[in-house]
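# Close look at the chain arrangement
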Amino acid sequence: MSNGVAVNGASDQTHTASQRYLSTRGEDSGLSFEEVVLKGLANDGGLYIPEAIPAATGWESWKDLPFVDLAYNILSLYISPSEIPADDLKDIINRSYSTFRAPEVTPLVNLQGDIHLLELFHGPTFAFKDVALQFLGNLFEYFLVRRNEGKTGRDRYHLTVVGATSGDTGSAAIYGLRGKKDVSVFMLHPKGRVSPIQELQMTTVLDANVHNLAVTGNFDNCQDIVKALFADPEINATHKLGAVNSINWARILAQTVYYFHSYFSLLRQQPSSFKLGDKVRFAVPSGNFGDILAGYFALRMGLPIDKLVIATNENDILDRFWKTGRYEKKPTYGKDAKGGLEQDGVKAHEDGVKETLSPAMDILVSSNFERLLWFLAYEFASSAGMDDDWNKKQAGQEVSSWLSDLKNKGGFGPVYKDVLEAARRNFESERISDQETLDTIKALYKEVGYVLDPHTAVGVEAARRAEKRAAEEPGAAKHTISLSTAHPAKFAGAVELALEEEQGFNFEENVLPPEFIGLDQREKRVKDVENDWKAVRDVVRTEVEEEFKSLGY
Ligand SMILES: Cc1ncc(COP(=O)(O)O)c(C=O)c1O
Ligand SMILES: N[C@@H](CCOP(=O)(O)O)C(=O)O
């Protein structure tokens, strides 16, 4: 049952439905947690989701638990003890969060009025990705040690992680996996399109199992290369590919914990205006839709969430879906004054991606949206009154057809009215321009002295708008938790641009953490590659072979 064997669906006695997994495109089901974590992406190109979302029964009694105990209660609903015994899971969780600088792991601070910031940047690489990637690194290690017991050399199960990053996933994955046995990490970033600190955080890690590849292209090209590698049966079988992007289910799962944790922090901090059972609103800076999807799982598990507010930058495919029901890439049009490409007054690329001040969200297609689409299609299918197998099959077919249109025609929709209405029931969306991002950083610094990173600023501006709207709606949540996804020092350019004229502001003194000082003096290792998945495949083959030779395999 464990060790990678599928759990065999309904006849399995040791896994609840929420501990068995299926693919959003319908061709894979009855998989164990270990299988989906190690496989990353399903063979049919779909993403894994649990066959059912569990109710967090008795969640109210978790309100005073420390982060790690809360994490255990939530994660164990999705992981059978027959796969990871309780003590082992607790140990993995404890080790994963012992690397965080804040004792609460993800502290909540009041920003202004009823807006609260959930600071997710206290892990090793100063971005929210650490919350899931510290856990995922330890999880990989746990499964590999177990699979490799008594094995030597090339008989060992060696995982080849391939990931795409617009800056933050890369360093968080590298810090989660550097030096770990039986894992090689290949991290693809768009050359010249991540912030200088992000690039240094990745390329100055010199462990032999870490390989940074700078791709001539954008983040979506990197993400497409990763998906093409997973779709190639040959490399996937010979190199046992693994995923660290939020296509990996464990990423989403680990992120659900801080939705619960911040709800309980708010209870303690606002005893007079926030009671157990009251609804709260979350605003989430969004790109690949992984962070906010974790909030959707928390909501479906029973956490009282009023609305999840999607905050996009000018790469706004998600915002356009919520407004129109159409999910489509948008080609670039027009030339700027210097003859370069532009879209709505912002520097853009032929592929339609705009270069914004929040580069980690410069994403054309949000991969995790596919998971939400499955749940929306499943809900729609369920209204036909057929049995559950039929509903799931229909949902898989619908998602496959939408995704095929996205690939072949550049988009799909408008989706059925009921599907869009279901999406609007739990989510709202806002699109924040670069100018609004700068204005928000400036305003919050002036008003309360807090320095926001540009991604967090996108979330805060969306939170402010959502609160204004809610003021008109009877029964709407009073408080908003806005997710702070990165430390401002990672995005010096935008922060300095916003605050350069503020009296007394000094980036080095006010913002820069000691961990970043001197990074630019360190030795770096990075290889340039073309935007061509076969070229990347060759690099992966060659460099894994070199690693094996150096290990004497
Ligand atoms: C700092 C930062 N904020 C927000 C996001 C968007 O999160 P998601 O891709 O999960 O929507 C990212 C990248 O993923 C990020 O690095
Ligand atoms: N913004 C991300 C892009 C990758 O997203 P992921 O959450 O799917 O890993 C990054 O910083 O790399």
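Computed from a prediction, not measured in an experiment: that's the story for all the values here.

## Description of helix H12 (residues 369–382)
An ideal rise of 1.5 Å per residue puts 20 Å on 14 residues; H12 measures up with 20 Å between its terminal C-alpha atoms. Where burial is concerned, most of H12 is hidden: 10 out of the 14 residues are buried. Inspection of H12 places Phe369, Glu370, Arg371, Leu372, Leu373, Trp374, Phe375, Leu376, Ala377 and Ala381 among the buried residues, and these make up the whole buried set.

## Digging into the pairing of strand E4 (residues 115–119)
Counting buried residues in E4 gives 5 out of 5 residues, a clear majority hidden from the surface. Neither face of E4 is left uncovered, since the one carrying Ile115, Leu117 and Glu119 and the one carrying His116 and Leu118 both have all their residues buried. Strand direction decides the pairing type here: strand E3 (residues 108–112) and E4, joined by 4 bridges, are antiparallel. Among the inter-strand pairings, Asn110 is bridged to a residue of E4, identified as His116. In sequence, E3 turns back onto E4 through a hairpin of 2 residues, with Gly113 there showing a positive phi of about 55°. By the bridge criterion, 5 bridges tie E4 to strand E16 (residues 480–484) in an arrangement that is parallel. Its bridge partner lying in E16, His116 is registered against Ile481.

## Quick word on helix H3 (residues 86–97)
The terminal C-alpha atoms of H3, which comprises 12 residues, lie 17 Å apart, in line with the 16 Å expected from a rise of 1.5 Å per residue. Along H3, the positions that sit buried rather than exposed are Leu89, Ile92, Ile93, Ser96 and Tyr97. The arc enclosing the buried residues of H3, seen along the axis, measures out at 115°, which places them on a common side. Of the surrounding secondary structure, the elements contacted by the buried residues of H3 are helix H2 (67–75), helix H4 (129–147) and helix H9 (249–269).

## Focus on the UniProt feature "modified residue: N6-(pyridoxal phosphate)lysine" (unreviewed entry) in the protein
Cross-referencing UniProt, the feature "modified residue: N6-(pyridoxal phosphate)lysine" (unreviewed entry) maps to Lys129 in the present numbering. Among the structural elements, Lys129 can be located in helix H4. The exposure class assigned to Lys129 is buried, which follows from its relative accessible area of 15%. Contact partners of Lys129, with chain neighbours within four places excluded, come to Asp168, Thr169, Ala172 and Arg251.

## Quick notes on the nonpolar core
Residues Phe33 and Phe260 are the most contacted members of the largest nonpolar core, which totals 117 residues. A total of 13 residues in this core trace back to one element, the largest contributor, which is H9. Non-local contacts of Phe260, meaning those with residues more than four positions away in its chain, are made with Ala56, Trp59, Trp62, Leu70, Ile74, Ala298, Met301 and Leu303. Judged by nonpolar contacts, the second largest core, of 35 residues, contains Leu200, Ile441, Leu444 and Ala462.

## Details of empty space enclosed by the protein
According to the stated counting rule, one finds 3 cavities of 30 Å³ or more in the structure shown. If you add up the space inside the largest cavity, you get close to 290 Å³. Forming the boundary of the largest cavity are 25 residues, of which Phe128, Lys129, Asn288, Ala360 and Ile363 lie nearest the centre. Taken together, the elements giving at least two residues each to the lining of the largest cavity come down to helix H5 (168–177) and helix H10 (290–301).

## Section: the layout of surface pockets
There is about 840 Å³ of room inside the largest pocket. As for the largest pocket, its lining consists of 33 residues, of which Arg25, Asp224, Lys227, Leu406 and Lys407 are closest to the centre. The leading source of residues in the lining of the largest pocket is helix H7 (residues 219–231), at 8 residues. Tallied by class, the residues present in the lining of the largest pocket amount to 14 nonpolar, 9 polar and 10 charged.

## Side note on the site of ligand 1
In the neighbourhood of ligand 1, 15 residues make up the surrounding shell, with Lys129, Asp168, Gly287, Asn288 and Thr485 lying closest. Measuring from an oxygen atom of ligand 1, one finds a backbone N or O atom of Asn288 at 2.7 Å. Contact distances for ligand 1 include 2.8 Å between a nitrogen atom and a side-chain N or O atom of Thr485. In isolation ligand 1 has 380 Å² of accessible area, and contact with the protein removes 98% of it. Tallied by class, the residues present in the shell around ligand 1 amount to 6 nonpolar, 6 polar and 3 charged.

Calculation rules
- Residues numbered from 1 in each chain as written.
- Chains lettered and ligands numbered in written order.
- Predicted model: local features only at pLDDT ≥ 70, side-chain atom pairs only at ≥ 80, totals over all residues.
- Heavy atoms only, no water.
- Helix = DSSP H or I, 4+ residues; strand = E, 2+ residues; numbered from the N terminus.
- Expected span 1.5 Å × (residues − 1).
- Buried < 20%, exposed > 50% of the residue type's maximum accessible area, 1.4 Å probe, protein only.
- Pairing = 2+ DSSP bridges.
- Arc of directions from axis to C-beta.
- Contact = heavy atoms within 4.5 Å.
- UniProt positions renumbered as here; feature names shortened; annotations may be inferred.
- Core = buried A, V, L, I, M, F, W, Y, C linked by side-chain atoms within 4.5 Å.
- 1 Å grid on protein atoms, 1.4 Å probe; cavity = no way out; pocket = protein on both sides within 12 Å on 5 of 7 lines; lining within 4 Å.
- Points joined across faces, edges and corners; volume = space filled by probe spheres on them.
- Nonpolar A, V, L, I, M, F, W, Y, C, P; charged D, E, K, R; others polar.
- Near = heavy atom within 4 Å.
- Polar contact = N/O pair within 3.5 Å; in protein donor to acceptor, adjacent residues only side chain to side chain.
- Areas by Shrake-Rupley, 256 points an atom, 1.4 Å probe, with all protein chains shown as cover.

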